[in-house]
Each structure stands twice: as structure tokens, then as C-alpha cells.
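A look at the structure
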2 protein chains.
Amino acid sequence: MKETLKLFKIGGGVLDDDAQLHRFVQAFAQVPGRKILVHGGGKGASQMLSDLGIAPQMVQGRRITDAATLDVVTMFYAGKTNKQLVALLQASGVNALGLSGADGNVIRAVKRPVKDIDYGFVGDLPANSVDAATLHTLIQAELTPVLCAITHDGHGQLLNTNADTIASTVARALAGRYEVELHYCFEKNGVLLDVNDDNSVIPQIVPAQYQQLKADGVIAAGMIPKLDNAFAALEAGVEKVVIEHALNINEPIKTVLCRS
Amino acid sequence: MKETLKLFKIGGGVLDDDAQLHRFVQAFAQVPGRKILVHGGGKGASQMLSDLGIAPQMVQGRRITDAATLDVVTMFYAGKTNKQLVALLQASGVNALGLSGADGNVIRAVKRPVKDIDYGFVGDLPANSVDAATLHTLIQAELTPVLCAITHDGHGQLLNTNADTIASTVARALAGRYEVELHYCFEKNGVLLDVNDDNSVIPQIVPAQYQQLKADGVIAAGMIPKLDNAFAALEAGVEKVVIEHALNINEPIKTVLCRS
């Protein structure tokens, strides 16, 4: 019988508001058992780029991570956000350990190949990019890994990497050792049947229902890539994917995606 | 028989020059056995404070760490410098793991009490501030801790902390588990008999000689606090303190301080 491991991913919104962040940290501290936190950036990094006079680099409407931008997002995600989260978690009794993908070589990425667009210092995560053994060692040492969205290529180059992708890739990699629950926290209570009605949360979705909901046009377009990834994670061995509000992780209201 | 653990501390100079930093990383990678790296800041953080329009806060000639300064040094030390070092070490085959004192609660500091001067968010390290057990677990997992000069107070507050102090405090804390060598790397080949002659390195100093050298006015004033701390570390159980050039750590030229 494998232990359960709960992996939570948080992003903007909760990271951009001190009061919300404190509430999330308190709630996360109350989650029992093994756990991991993955965090994205939030608006602070964009503000800092602007304060430093670094204009957003856009190509064909897509954001590019040039060297100056990578420097700032590394400082912001791995320095400020990650260490603030770790210090707050420590104050709440969680023995948190902040990590970029370079630390302990836990996530080794590949710089995104240049096709139509050169995204710059952006990392993609191929199969086997996660060192599950090292994460397992840290977790078994009663530490709670807190992963930021910076990885490395193994040749000395740091890379900016999508935090949702980190969350699902780490969840899959640990599925051999744990019963993994992947929790995507955002600013809604779950997947909504009616995007304008916050009370229309769908409590549970299995793959066949999902296909039907997509066909019926019920799922908001912005949710589709997230849910496609979620169901792919389930197929790859993740036990359960939960979509929930970052401030309600210990409340029953949420959407649970499962294989059957 | 305890294992040997070599703890290296590097600071400005080598951190401020990419070519030197790469040379140091190569040399550090060649050091056999268990090791830890502690790094200070370098000039980059000051440059960034200036780029962000944050004026140095001085009181009675002493630098103060206000909230805005703490934010920037945390980003710089724990984000940029630490992650760059870790990525470079990984590329050289060292399984480095970057840490602030908050991570794994490895260094819990106390905000410096306000007497004549309020230093702001500066951490002092009392006895028992280092969690030697967690560092030991990481080291035994074949990881090489890379510690930056940011600690925490256990109540959610990050603190700016002197890197030399971190190095000697961690060295002492691990002396019960390892034969610890504490290596202070700087821009001279060791302790000089004649401050103007780089070839006048004193190869070895024991406490009685040190007292004599101090009495004779041979030791440069700036070295005295460092050496006082070094001999205190020896008395507290550290096996050996080495003063050497950051670019010559695998060369025989250096000053070794030992108990007898």
C-alpha cells in the first residue's frame, strides 16, 4: 500500500495578495500527510521587470524569456517568492525546503527548440526530466519540497518553466512511489457548469463525461488545456486531480477528476 | 572514525567575475569527499539596489538592512547567486542543493537586538541555531549544500546574515558528526607575514604563534576578526581552518590554522 502524496500548485492571485497567501499557508499546513507545493510567479515579477526598465519581450504575441528577463524571474521566483513561502510555512510548522529544478537536479529541462518562435530561456520537460529518487529522499526525511518554476538544463543554464507543467510532471514522476493527488488551486471553486455561476461546481468528472462536456461546449475554453493535461496525468498513473479554490483547500467544495 | 567534511566560504571578488566563478566551480568540483559551500553576496546586490533606486541605508557609518533592502538581497543571494552557483555546480558533476537558512529550517537566527543602532533585518546566530541533523541527512544523501547568507527567525521573517558567521557556525555545528575543515577563500594566498608581499604566506599557525603575531603587529588589522573567529571555531571542535585564495583551493599554498 503506497503512501498518499498531495501535490498543490498555486499561482497568481493568492501569490499577489499577502492576506490570501497567509490564509493559504495556514490551510496548507493543516493538510495531513506527505505533501509538495509548486508555485508560479504572480504579478510581482512583471512589476520588477518594469521597475528595472526591462520591457516585456513579445514575438507574435508570445512572451519571450531573454537573458535579462530570466535573471529577474529567477530572482523573483527562486529568491523572493520561494523563500517567503518557505519562511511562512516554517512559521506554521511545515518543514518546507525550497527548490528550483537545479537543486539536487530534481528537474532537468530542455531549452525549448526554436521553430516559428524563439521563446528564449524557456524549459520544456521531456520524459525522465524529474529525479523522483531525490524528491522521495527529501520527502522521507520529513521535508516538504516547495518548487518554483525555474529549472536547469544540466549544462549550467537556468530555464523558465511553466508551473502547471512542473506540477503535472512531478506528480506523474512520483506516481510510482506514492498514490499522488494533484491539486490545481486557482480563483474558482472548481470546474463550473455555468462560468457565470460560482455555485455550479461539478463535483466529479470521469473521462467519458469530460468528452461529453467538451462536445457540449460547457467547459470554458481557458480550462480545456488544463483539463486535458489533468486527464493525461490520470492516464499516466496519478490517482486523482483536484481543481479547487486556493483558499478552500480543506473545504469539500471542489472538482475531482478521476479515471472512473 | 568520523568522515571529513570540507566547508568552503566564498565572497565578493570570485562572485563578481564570471571567469573566476567558473574557475572556482571547476576547482570545487575536484575537491574529493563530503563538502558544503557557503557564499556571500558580491557587488551585484549593491548594483541592483542602485538600479531600483534604493539608496544604501547607513546609520553611524553602519549599513542597515531595511525591508526594501532585505527584499533585494534575498532575491539576489537566494535567487540569482545561489541558483547560478547550483546550476554551474550541477554542470560540473556536483549534486548541489541551494539553501537559505529557512529551507529545512537549517539556520534559525535571531534578529539583532537594537542597542545603539537598529541594524534592521539582520540575523545573529546564537548557539543551537543550526539544524545539524537535517544538513547531515542531506549530505548523507550525496547532496552538496550550497548556503546563501539569508536566514530566518522561525516566525516567518527572513534575515540578512553575515556569510563568514554562517560558515563558522555551520562548521561548529557539524563538528560532532564530521572532522570539519573550514576553508575561508578570498583574494590572497593566505595569511601574509608582509601584507605587501603575496609570497609571504604563513603556512601554519597555532594559537600561541597567533598571539605572538598579533602582539608583534604582523597580522593585518582586517584579518584579526576573521582569525579570532577561526581560532574560536577550532576551540569549538572544528578540526582545521584554512585561509586560501578562491582560485587556488587545490594548490598547496595556503595558511592552515590548527590547535597544535
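All values reported here derive from a predicted model rather than from experimental measurement.

1. Topic: the relation of the copies chain B and chain A
- Turning chain B through 180 degrees and shifting it by 0.0 Å along the axis lays it on chain A, with an RMSD of 0.0 Å. Within this description, the copies of the chain are treated as partners about a two-fold rotation axis. When C-alpha distances to the rotation axis are compared across chain B, the minimum falls at Gly79(B), with a value of 1.8 Å.
- A share of 100% of interface residues in chain B that are also interface residues in chain A marks the association as one of identical surfaces.

2. Quick look at empty space enclosed by the protein
All names here are of chain A.
- On inspection of all chains with the given rule, the structure shows 1 cavity of 30 Å³ or more.
- Estimated volume of the largest cavity: approximately 40 Å³.
- Forming the boundary of the largest cavity are Gly 11, Gly 12, Val 14, Gln 20, Cys 185, Phe 186, Glu 187, His 245 and Ala 246.
- Across the lining of the largest cavity, the residue classes tally to 4 nonpolar, 4 polar and 1 charged.

3. What to know about the sheet that holds strand S13 (residues 240–245) of chain B
Residue and element names in this part refer to chain B.
- On the basis of which strands lie adjacent, the open sheet formed by 8 strands has the order S5-S8-S2-S1-S11-S13-S14-S12 and mixed pairing. In the strand order of this sheet, the two ends are held by strand S5 (96–99) and strand S12 (204–205), each with one partner.
- In this sheet, S13 lies alongside strand S11 (residues 179–186) in parallel orientation, the contact comprising 6 bridges. Across the sheet, the residue bridging to Glu 181 is Lys 240, located in S13.
- Across the face of the sheet, helix H1 (residues 18–30) comes into contact with strand S1 (4–10), strand S2 (34–39), strand S8 (144–147) and S11 while running at roughly 155 degrees to S2.

4. Remarks on the UniProt feature "binding site: substrate" (unreviewed entry) in chain A
Residues and elements named next belong to chain A.
- UniProt's feature table lists "binding site: substrate" (unreviewed entry) at Gly 41, Gly 42, Arg 63 and Asn 160, given in the numbering used throughout. Taken from the residues named earlier, the lining of the largest pocket is made up of Gly 41, Gly 42, Arg 63 and Asn 160.
- Relative to the assigned elements, Gly 41 resides in the loop between strand S2 (34–39) and helix H2 (44–51).
- Setting aside its immediate chain neighbours within four residues, Gly 41 contacts Leu 15, Tyr 77 and Thr 81.
- Structurally, Gly 42 is set in the loop between S2 and H2.

5. Overview of the pairing of S2(A)
Residue and element names in this part refer to chain A.
- Most of S2 is tucked away: 6 of the 6 residues are buried.
- Side chains Arg 34, Ile 36 and Val 38 of S2 all project onto a buried face; the interleaved residues Lys 35, Leu 37 and His 39 project onto the opposite face, where all are buried too.
- After leaving strand S1 (residues 4–10), the chain enters helix H1 (residues 18–30) and then returns to the sheet as S2, a path that is right-handed.
- Two strands pair when backbone bridges link them, and S2 and strand S8 (residues 144–147) are joined in this way by 2 bridges, in the parallel orientation. Looking across to S8, one finds that Leu 37 is bridged to Val 146.

6. Observations regarding helix H3 (residues 67–91) of chain B
Residues and elements named next belong to chain B.
- The terminal C-alpha atoms of H3 lie 35 Å apart, and with 25 residues this matches the ideal 36 Å at 1.5 Å per residue to within 8%.
- The largest bend in H3 comes to about 30 degrees, at Asn 82.
- Burial of H3 is extensive: 20 of the 25 residues sit out of reach of the surface.
- One or two residues past the end of H3 sits Gly 93, with phi positive at roughly 90 degrees.

7. Structural notes on the packing of helix H3 (residues 67–91) of chain A against H3(B)
- Relative to each other, H3(A) and H3(B) sit at 115 degrees, their axes nearing to 7 Å. In terms of their interaxial angle, H3(A) and H3(B) are classed as roughly perpendicular. Classified by chirality, the crossing of H3(B) by H3(A) is right-handed. Mapping the contact onto sequence places Asp71(A), Thr74(A), Met75(A), Phe76(A), Ala78(A), Gly79(A), Lys80(A), Lys83(A) and Gln84(A) in H3(A) and Asp71(B), Thr74(B), Met75(B), Phe76(B), Ala78(B), Gly79(B), Lys80(B), Lys83(B) and Gln84(B) in H3(B).

8. Some words on the interface of chain B and chain A
- Contact with chain B, which involves 38 residues of that partner, is made by 38 residues of chain A.
- For the pair chain B and chain A, the summed buried surface comes to about 2700 Å²; carbon and sulfur atoms form 69% of the total.
- Counting the surface chain B buries against chain A, the share from its top three residues, Met75(B), Lys83(B) and Asp103(B), is 20%.
- Remark: the boundary between chain B and chain A carries 4 salt bridges.
- Here Asp103(A) makes a salt bridge to Lys83(B), at a shortest N to O gap of 2.9 Å.
- Linking chain B with chain A are 10 residue pairs in polar contact (both at pLDDT 80 or more), by the criterion used here.
- Among the elements that make up the side of chain B that touches chain A, the one with the highest residue count is H3(B) (15 residues).
- For the side of chain B that touches chain A, a count of residues per class yields 17 nonpolar, 16 polar and 5 charged.

9. A look at the state of the cysteines
- By the definition in use, this model includes 0 disulfides over all chains.
- Free cysteine: Cys148(A), not disulfide-bonded; nearest cysteine sulfur from Cys148(B) at 13 Å.
- Accessibility expressed as a relative area gives 0% for Cys148(A), which makes it buried.
- Cys185(A) supplies the cysteine sulfur nearest to Cys258(A), a cysteine that is in no disulfide, at a spacing of 18 Å.

The rules behind the values
Residue positions are counted from 1 within each chain, in the order its sequence is given. Note on labels: chains are lettered from A, ligands numbered from 1, in written order. Local features are withheld for residues below a pLDDT of 70 in this predicted model, meaning they are given only at 70 or higher, and side-chain atom pairs are given and counted only at 80 or more; totals for whole chains, interfaces and linings count all residues. Side-chain figures throughout are based on the complete set of non-hydrogen atoms in the structure, without hydrogens or water. We superpose the copies by least squares over the C-alpha atoms of residues that have a pLDDT of at least 70 in both of them. In what follows, residue pairs with any heavy atoms lying within 4.5 Å of each other are defined as contacts. Here a cavity means grid points, on a 1 Å grid over the protein atoms only, where a 1.4 Å probe fits yet cannot get out; a pocket means an open set of points with protein on both sides within 12 Å along at least five of seven lines; lining residues are those with an atom within 4 Å of a point. Grid points are joined across faces, edges and corners, and a volume is the space filled by probe spheres set on the points. Note on residue classes: Ala, Val, Leu, Ile, Met, Phe, Trp, Tyr, Cys and Pro are nonpolar, Asp, Glu, Lys and Arg are charged, and everything else, Gly too, is polar. Here, any two strands with at least 2 DSSP bridges between them count as paired. In this description a helix means any DSSP run of H or I spanning at least four residues, a strand means any run of E spanning at least two, and both kinds are numbered starting from the N terminus. What counts as an axis is a line fitted to C-alpha atoms, over the stretch in contact for a helix, and the angles between N-to-C directions run from 0 to 180 degrees. UniProt positions are given in the numbering used here, feature names are shortened, and annotations may be inferred rather than shown by experiment. Think of it in three bands: residues with accessible area under 20% of the maximum for their type are buried, residues over 50% are exposed, and the middle band is partly exposed, with areas taken using a 1.4 Å probe on protein chains only. Seen with its strands pointing away from the viewer, a crossover is right-handed when the path leading from the first strand over the helix to the second is clockwise. One less than the number of residues in a helix, times 1.5 Å, gives the span that helix is expected to have. Bend at a residue means the angle formed by two fitted axes: the first through the 7 residues ending at that position, the second through the 7 residues beginning there. By definition in this entry, angles of less than 35 degrees are roughly parallel, angles greater than 145 are roughly antiparallel, angles of 65 to 115 are roughly perpendicular, and the rest are oblique. Should the near helix be turned anticlockwise from the far one by less than a right angle, the crossing is left-handed, and should it be turned clockwise, the crossing is right-handed. Put simply, buried area is how much 1.4 Å-probe accessible surface two parts lose in total, over both of them, once they are put together. We count a salt bridge whenever a side-chain nitrogen from Lys or Arg sits within 4 Å of a carboxyl oxygen from Asp or Glu. As used in this structure description, the phrase polar contact means that two N or O atoms lie within 3.5 Å; if the pair is within protein, one of them must be able to donate a hydrogen and the other to accept it, and residues adjacent in sequence are counted only when both atoms belong to side chains. Two cysteine sulfur atoms form a disulfide, by the criterion used here, when they sit within 2.5 Å.

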